[in-house]
Amino acid sequence: MTPLLEVANLNIFFPQHGGPALVPVDDVSFTVSSGELVALVGESGCGKTLTGLALPRLLPRGAEIGAGSAIRFRGTDLTALSEPELRAYRGRRIAMVFQDPMTSLNPVMRVGAQIAEAIHAHRKVSRRDARDRVLALLVEVGIADPELRIDAYPHQLSGGMRQRVLIAMALAAEPDLLVADEPTTALDVTIQAQILELLDHLRTARGLAVLLITHDLGIVAGRADRVLVMYAGRIVESAATAQLFAHPAHPYTRGLFASIPRLNATTTRLTPIGGSVPRPDEWPAGCRFHPRCPVVIPRCRTERPPLEAKGPGQLAACWVTPGAAR
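Below you will find a few notes about this structure.

Reading the values: the criteria
Residues numbered from 1 in each chain as written. Predicted model: local features only at pLDDT ≥ 70, side-chain atom pairs only at ≥ 80, totals over all residues. Heavy atoms only, no water. Salt bridge = Lys/Arg side-chain N within 4 Å of Asp/Glu carboxyl O. Helix = DSSP H or I, 4+ residues; strand = E, 2+ residues; numbered from the N terminus. Axes fitted to C-alpha atoms, helices over the stretch in contact; angles between N-to-C directions. Parallel < 35°, antiparallel > 145°, perpendicular 65-115°, else oblique. Left-handed = near helix turned anticlockwise from the far one by under 90°. Contact = heavy atoms within 4.5 Å. Expected span 1.5 Å × (residues − 1). Buried < 20%, exposed > 50% of the residue type's maximum accessible area, 1.4 Å probe, protein only. Arc of directions from axis to C-beta.

Next up on the list: the pattern of salt bridges. Enumeration according to the criterion identifies 20 salt bridges in this entry. Between R234 and D26 there is a salt bridge, with its nearest N and O atoms 3.2 Å apart. Separated by 208 residues along the polypeptide, R234 in strand β11 (residues 234-240) and D26 in strand β2 (residues 19-32) bring together distant segments of the chain. Linking R74 and D176 is a salt bridge whose minimum nitrogen-to-oxygen distance equals 3.6 Å.

Attention now moves to the packing of helix α7 (residues 159-171) against helix α8 (residues 189-206). Where α7 contacts α8, the two axes come as close as 10 Å, and the packing angle between them is 20°. The angle between α7 and α8 places the two elements in the roughly parallel class. Crossing of α7 against α8: the hand is right-handed. Contacts from G160, Q163, R164, I167 and L171 of α7 reach α8 at I191, Q194, I195, L198, L199, L202 and R206.

Our focus in this paragraph is α8. An α-helical turn contains 3.6 residues, so any two residues separated by three or four positions project in the same direction. Across its 18 residues, α8 extends 26 Å between first and last C-alpha, which sits within 8% of the 26 Å expected from 1.5 Å per residue. Among the residues of α8, Q192, I195, L196, L198, L199, L202 and R203 are the ones counted as buried. Here the buried residues of α8 occupy an arc of 150° about the axis, which is enough to place them on one side. α8 presents V189, T190, T204 and A205 as exposed residues on the side facing more than 90 degrees away from its buried surface.

Structure (structure tokens):
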């Protein structure tokens, strides 16, 4: 079956005057199929958000997609489209939910009007029909008293409600793919679970594909079909969720798991990954994780490991097999 989305050899770079370009996303490839929830995980600074923004071509000023990159949506390469041609895809086919609803929503505009604006951008409907559609969307995303909330301003809603409004805006044009960038970051644990359950419900009810961008492996367990682990601009591991949780192949993935609190753990002390993600102008040679890796060997410092099979449906970019000695 042809994937809904196919990203191939994606490079994102920032040209620098008098020096080499910064490449925060480097040779990234993955697919997302209709109805599938794929999680893209990794620490801050790994390039996850830029990857998500590249899909509808919403990259920040100064960022460019490199030659040889492809973002195919239903077979059409979005990197080859002009700005007017992209309008048929942004919001209409690929929609985004951003992590901070307070900065994503207009503070002086009623939330119903903002959702209606998204409807009018893609469909010719009357104001009355648009309002009815907004009310239906508010019900679908689980906002109580939609007749009252439709005329509220963002500051009059809770954080969870504002995030639901953003999801309603993203659904306004009935897209095929939803890119959710850290949609639960600013929410408490209970509301986080509600938002994730809502995304899962929408995926099932609408046949919606979801790319969930997060730094937290813990929230993808039992929800994602597959997990892509990203480090320093590259995908270092890809596997079905159950396989990844049972047998993580890359030392970085194992480090992420070691830093997650577990209810059945015999110790209360977590094991953090030493050091931090390097900046794009300081990417190390070879495997980019080697300065922080507990099982590094000399080859890791000079040769980039390929993303290759480590188990059924599992790929990892590592010269050292799981459990190998230093």
